[in-house]
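# Coordinates in review
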Amino acid sequence: MPKIVETELKEQIKTENFSRVYLIYGEESYLKEHYVGRLKDKLVDDAFGDFNFHQYDGKNTAVNDILQDADMIPMMGGCTFILVHDYPLDKSQKDIDALKEYFADVPDTSVIVFWYDSLEVDTKKSGKWKTVENLFAKAGSAVRLDKRTEGELARLIVASAKKRGCTISTDLARYMISIVGSDIQTIFSELEKMCAFVGEGEISKKVIDDLAVKSLQARVYDLSKHILKGDSDSAYKVLSTLFAQKEEPIAILSVISSCYVDMYRVKCAKAAGANESELAQYFSYKGREFLIRNAARDCRTVSVNSLRNALDALADTDEKMKSTPIDKNILLEETVAKLLMLRNA
């Protein structure tokens, strides 16, 4: 089988037409873990899990030991399910060669899954990972599970709310994403809370505002909005709240910088005649398209020169935070003051 997409993997699981080997990788941790779990549920009988299910941490196990266990005959005619987590195949051509030889004749009673979560599989920049991807695609299935677009996430929220007995509009689903972020696990957690609150009712903007836990990005975005409006009192109030919540100054600075980078990209894209959708694709805003919309709205009255000066100030603060003993909170407060002054420069 070739490289497949999520819908094809879902169909394999539904019809129980499994590949003998799987490579599961990509950006979306929730989806990767979800489908690994569904494969395990389908292929492993809980009564014989101790015999037929074998899981390995790739850092502590040799490929040859894993393949020996894959040859084991499953108990009671089931399936030997081999799950390997974050094995650094890009580090050893010998391991790749061993898999290639084994994949030529995988036992019909075994399914081998290499699942990558914290270890990045970059098939565009790494020739080794590209070789690994092709190897799994030829012998079974290579499945890349990346972050969903904002539209896909919004449809998922609407459908998930309906399953829970409540409703939410597509526009408010998009608003919810801008508040809680695009992580699917976080979205489900927040949605569960809101559905429990409204029962069989409708999730309104007020419900989202009252119940949703704002992501750091959303909270810092509020800070950036106040800076651009010249509202110093509100800006410092948000900053004080972030300090009280023990948010790391470097993390706050990073998000502020991202907001200004987004606005700078929008300004440059418009000057070059590009639209927002092109910008979102070029810079991989998948699942976070709202950032481009926010940036386009917020930078209307800000000049490119102001944004460049602000980015220079943010870069200078970043360097100081990482190279001097100056209190990081004070550095952030000074930077907010500089940004307030630079907004009309």
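All values derive from a computational prediction rather than experimental measurement.

To continue, consider the overall build of the protein chain. The helix and strand tally for the protein chain stands at 17 helices and six strands. With respect to the principal axes defined by its C-alpha atoms, the protein chain has extents near 70 × 50 × 40 Å. When each of the 345 residues of the protein chain is scored for burial, the buried share is 47%. Considering only residue pairs separated by 6 or more positions, the protein chain has 74% of its internal contacts joining residues 24 or more positions apart. Put simply, the protein chain has 48 plus and 54 minus side-chain charges, and the middle of one group is 6 Å from the middle of the other.

General note: in soluble globular proteins, nonpolar side chains tend to be found buried as a group. Ranked by internal contacts, the top residues of the largest apolar core, which has 82 residues, are Val113, Ile203 and Tyr260. Contacts of Tyr260, omitting those with residues within four sequence positions, involve Ile227, Leu228, Leu307, Ala310, Leu311, Leu314 and Leu339. Val21, Ala70, Leu89 and Ala142 belong to the second largest nonpolar core, which has 28 residues in total.

Right, let's talk about the sheet that holds strand β2 (residues 21-25) for a bit. Within the open sheet, the six strands sit side by side as β1-β6-β2-β5-β4-β3. Their pairing is parallel. Because the sheet does not close on itself, it has two edges, and the strands there are β1 (3-4) and β3 (53-57). Note: strand β4 (residues 80-85) against strand β5 (residues 110-115), six bridges, orientation parallel. Counterpart to Phe81 in the pairing with β5 is Val111.

In this structure the tally under the stated criterion is zero disulfides. Here Cys259 is not cross-linked by a disulfide; its sulfur's nearest cysteine counterpart is in Cys299, at 12 Å.

What follows concerns a nonpolar patch on the surface. A contiguous nonpolar patch, built from Phe51, Met75 and Met76 and spanning about 330 Å² of accessible area, is present on the exposed surface. Considering the arrangement of structural elements, one finds Met76 in the loop between α4 (63-70) and β4. A residue is classified by how much of its surface remains accessible, and Met76, at 64% relative accessible area, is exposed.

Rules behind the numbers
- Residues numbered from 1 in each chain as written.
- Predicted model: local features only at pLDDT ≥ 70, side-chain atom pairs only at ≥ 80, totals over all residues.
- Heavy atoms only, no water.
- Helix = DSSP H or I, 4+ residues; strand = E, 2+ residues; numbered from the N terminus.
- Buried < 20%, exposed > 50% of the residue type's maximum accessible area, 1.4 Å probe, protein only.
- Contact = heavy atoms within 4.5 Å.
- Lys, Arg positive; Asp, Glu negative; His and termini not counted.
- Charge placed at Lys NZ, Arg CZ, Asp CG, Glu CD.
- Core = buried A, V, L, I, M, F, W, Y, C linked by side-chain atoms within 4.5 Å.
- Pairing = 2+ DSSP bridges.
- Disulfide = S-S within 2.5 Å.
- Patch = residues over 30% accessible without salt bridge, like charges linked within 9 Å, V, L, I, M, F, W, Y side chains within 5 Å.
- Areas by Shrake-Rupley, 256 points an atom, 1.4 Å probe, with all protein chains shown as cover.
- Salt bridge = Lys/Arg side-chain N within 4 Å of Asp/Glu carboxyl O.

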